Amino acid sequence: MLRSLIFRSMDAQTAHERILSLLGRVDQRDWVQHAAQALYRRMASFESTCVGGVTLDFPLILAAGFVKGQGFATEDEALFAVERDENIIPGWHTMPNIVGAVEFGSFTRYPRLGNAGQVIWRDAATRSTQNRVGLKNPGARAASLFLSKHPPKKPFGINLAVSPQVTDPDQEEAELVESFRLFLDAGVLPDWFTLNLSCPNTEDDPRGYQTEEKARRLCRALLGHLGSTPLWVKVSPCLSPEQYGKLMEAFAGEGVRAVIATNTLPQPTPDDAQVTGGVGGGRLHAAALEATQHLMTARREQGYPVDVIGCGGVIDAKSHQDFKDLGVQAVQYWSALVYQGLWAYAVILRK
Ligand SMILES: Cc1cc2nc3c(=O)[nH]c(=O)nc-3n(C[C@H](O)[C@H](O)[C@H](O)COP(=O)(O)O)c2cc1C
């Protein structure tokens, strides 16, 4: 009932902003957190699973991009907001209490305001979402400072992305390592870090940016600093089977524990056919399954010790089963929040 009311009365972006604003307010309300925890204890009685070096209460993780924080123009502004005790990462407290495991981010080294105008759409007929948020986030320094003051419930992950405008490989690597170090030095110790190799809605070409060479270089640089925290990598849909094979070889060689398949699928946005936005949900599902299948084949045939986490159109029991049939131990979801509500994990697992 609530969904049809929301769908009728507001567009996807307004609904998203209102939910985040509500989450930002209730993050500080103890009674809401206690109620969310009590509900979680009642509802989350599923079989636990271990994936990518992390033990989960059940095999569903909220994907990156929901609890990622506000955008800022400069690092000083973001740090000032943290000093003023503003909630710059709405949902940091409430979402883990409601849904369990959450991947925070993506965070880039420096804050980003993201793209202006309409940047989130929904396509209810196919239960899809589309976005060109453009990596809006507070930047790694302010995010790490905020999360050190407000440690999230475990297990949680932190997703880091290379800054889209950075093209120099040395700078790219240096910024990523600096971001990792900022979290670790602030004492923010997630259960996993994810390297987001795929940023489809920032006008980059997601294919050209996920070469084996780049994957090896960045993973090696990060794993040199991570200690025992597992590193996961998130990739795009629609790469060639050979490229998925090469990436798996690189991940296995460098010690990556899991690969998330996939990020969104770039397609023209509803408002302007010249501008692309990343599609998630139903319209991504087939491509994400195909990517997962290629990665699982490489894993099986070559014996790579890299887990595959499905992501793309997990909306109900059937779409979840599609990934399970490929042998994955866990999946991530985002669009299911829109179509099944905040307790989507329970709807998906109980059916
Ligand atoms: C509004 C929005 C913002 C997103 N932002 C990020 C992000 O910052 N980093 C990331 O790795 N994925 C991001 N994603 C992609 C999701 O994590 C997920 O990979 C994608 O939506 C596919 O899952 P789904 O089919 O369940 O929606 C975003 C998705 C949406 C809808």
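Here's a quick rundown of the structure.

Calculation rules
- Residues numbered from 1 in each chain as written.
- Predicted model: local features only at pLDDT ≥ 70, side-chain atom pairs only at ≥ 80, totals over all residues.
- Heavy atoms only, no water.
- Near = heavy atom within 4 Å.
- Polar contact = N/O pair within 3.5 Å; in protein donor to acceptor, adjacent residues only side chain to side chain.
- Areas by Shrake-Rupley, 256 points an atom, 1.4 Å probe, with all protein chains shown as cover.
- Helix = DSSP H or I, 4+ residues; strand = E, 2+ residues; numbered from the N terminus.
- Nonpolar A, V, L, I, M, F, W, Y, C, P; charged D, E, K, R; others polar.
- Pairing = 2+ DSSP bridges.
- Axes fitted to C-alpha atoms, helices over the stretch in contact; angles between N-to-C directions.
- Buried < 20%, exposed > 50% of the residue type's maximum accessible area, 1.4 Å probe, protein only.
- Right-handed = clockwise from strand over helix to strand, strands pointing away.
- Contact = heavy atoms within 4.5 Å.
- Phe/Tyr/Trp six-rings, centres within 6.5 Å; stacked < 30°, edge-to-face > 60°.
- Salt bridge = Lys/Arg side-chain N within 4 Å of Asp/Glu carboxyl O.
- Lys, Arg positive; Asp, Glu negative; His and termini not counted.

Take the site of the ligand next. The environment of the ligand is made up of 25 residues, and the closest members are Ala64, Ser106, Gly281, Gly313 and Ser335. Serine 335 places a polar side-chain atom, nitrogen or oxygen, 2.5 Å from an oxygen atom of the ligand. Contact with the protein chains removes 97% of the 610 Å² of surface that the ligand exposes when unbound. For the shell around the ligand, the elements supplying multiple residues, two or more each, are strand S4 (102-107), strand S6 (128-131) and strand S12 (276-281). Here the shell around the ligand is composed, by residue class, of eight nonpolar, 15 polar and two charged.

In spatial order, the strands read S5-S6-S12-S11; together these four strands make up an open sheet with antiparallel pairing. Of all strands in the sheet, those with a lone pairing partner are strand S5 (120-123) and strand S11 (265-268), marking the two edges. Each strand axis lies, on average, 35 degrees off the axis of its neighbour in the sheet, ignoring direction. Pairing of S6 with S12 involves four bridges; the strand directions are antiparallel. Bridge pairing in S12 places threonine 129 opposite glycine 280.

Across the five residues of strand S8 (residues 192-196), five count as buried, placing the element largely inside the fold. Neither face of S8 is exposed, since Trp192, Thr194 and Asn196 on one face and Phe193 and Leu195 on the opposite face are all buried. Bridge count between strand S7 (residues 156-161) and S8: five bridges; the pairing is parallel. When the sheet's bridge partners are listed, glycine 157 is paired in S8 with tryptophan 192. Once the chain exits S7 it traverses helix H7 (residues 169-185) before rejoining the sheet at S8, and the crossover so formed is right-handed. As defined by bridge partners, S8 adjoins strand S9 (residues 231-235) across four bridges and the pair is classed as parallel. Counted as the bridge partner of leucine 195 is valine 233 from S9.

A few words on the environment of alanine 124. Relative to the elements of secondary structure, alanine 124 occurs in the loop between S5 and S6. Residues within four places of alanine 124 in sequence aside, it is in contact with Phe7 and Tyr339.

This part covers unusual backbone geometry. Between glycine 105 and serine 106 the backbone carries a cis peptide bond, its omega angle lying at 10 degrees. Tracing the chain through its elements places serine 106 in strand S4. Residues alanine 261 and threonine 262 are joined by a peptide bond in cis, for which omega reads 20 degrees. Its location among the elements puts threonine 262 in the loop between strand S10 (258-261) and S11. Non-glycine residue leucine 135 carries a positive phi angle of around 55 degrees. With respect to the helices and strands, leucine 135 occurs in the loop between S6 and helix H6 (140-149). By relative accessible area, leucine 135 is classed as buried at 6%. Here the phi dihedral of cysteine 238 falls at roughly 65 degrees; this positive angle occurs in a residue that is not glycine.

This part covers the packing of aromatic side chains. Within the structure shown, the criterion is met by 13 aromatic pairs. The interplanar angle of 35 degrees and the centroid separation of 5.7 Å between the aromatic rings of phenylalanine 107 and phenylalanine 183 together place this pair among those described as tilted. Of this pair, phenylalanine 107 sits in strand S4 while phenylalanine 183 sits in helix H7, and the two are 76 residues apart along the sequence. Taking the relative accessible area as the measure of exposure, phenylalanine 183 reaches 0% and is therefore buried. Note on phenylalanine 180 and phenylalanine 193: the rings are 4.5 Å apart at their centroids and 40 degrees apart in plane angle, and the pair reads as tilted. Of this pair, phenylalanine 180 sits in helix H7 while phenylalanine 193 sits in strand S8, and the two are 13 residues apart along the sequence. Each member of the pair phenylalanine 180 and phenylalanine 193 is classed as buried.

Right, let's get into the pattern of salt bridges. In the structure shown here, the tally under the stated rule is 19 salt bridges. Aspartate 316 is paired through a salt bridge with arginine 127; the nearest N and O atoms lie 2.7 Å apart. In this pair, aspartate 316 sits in the loop between strand S13 (307-311) and helix H11 (317-325) while arginine 127 sits in the loop between S5 and S6, placing the two residues 189 residues apart along the sequence. Judged by its relative accessible area of 17%, aspartate 316 falls in the buried class. Accessibility expressed as a relative area gives 31% for arginine 127, which makes it partly exposed. For the salt bridge of arginine 217 with glutamate 173, the shortest nitrogen-to-oxygen distance reads 3.8 Å. With arginine 217 in helix H8 (residues 212-226) and glutamate 173 in helix H7, this pair connects stretches of sequence that are 44 residues apart. Since its relative accessible area comes to 24%, glutamate 173 is described here as partly exposed.

Take the side chain of lysine 234 next. Relative to the elements of secondary structure, lysine 234 occurs in strand S9. Despite its burial, lysine 234 pairs with no opposite charge, the nearest such side chain being glutamate 103 at 5.1 Å. Leaving out residues up to four positions away in the same chain, lysine 234 has contacts with Ala64, Asn159, Thr194, Leu195, Asn196, Leu197, Ser198, Ile260, Thr262, Asn263 and Gln332.

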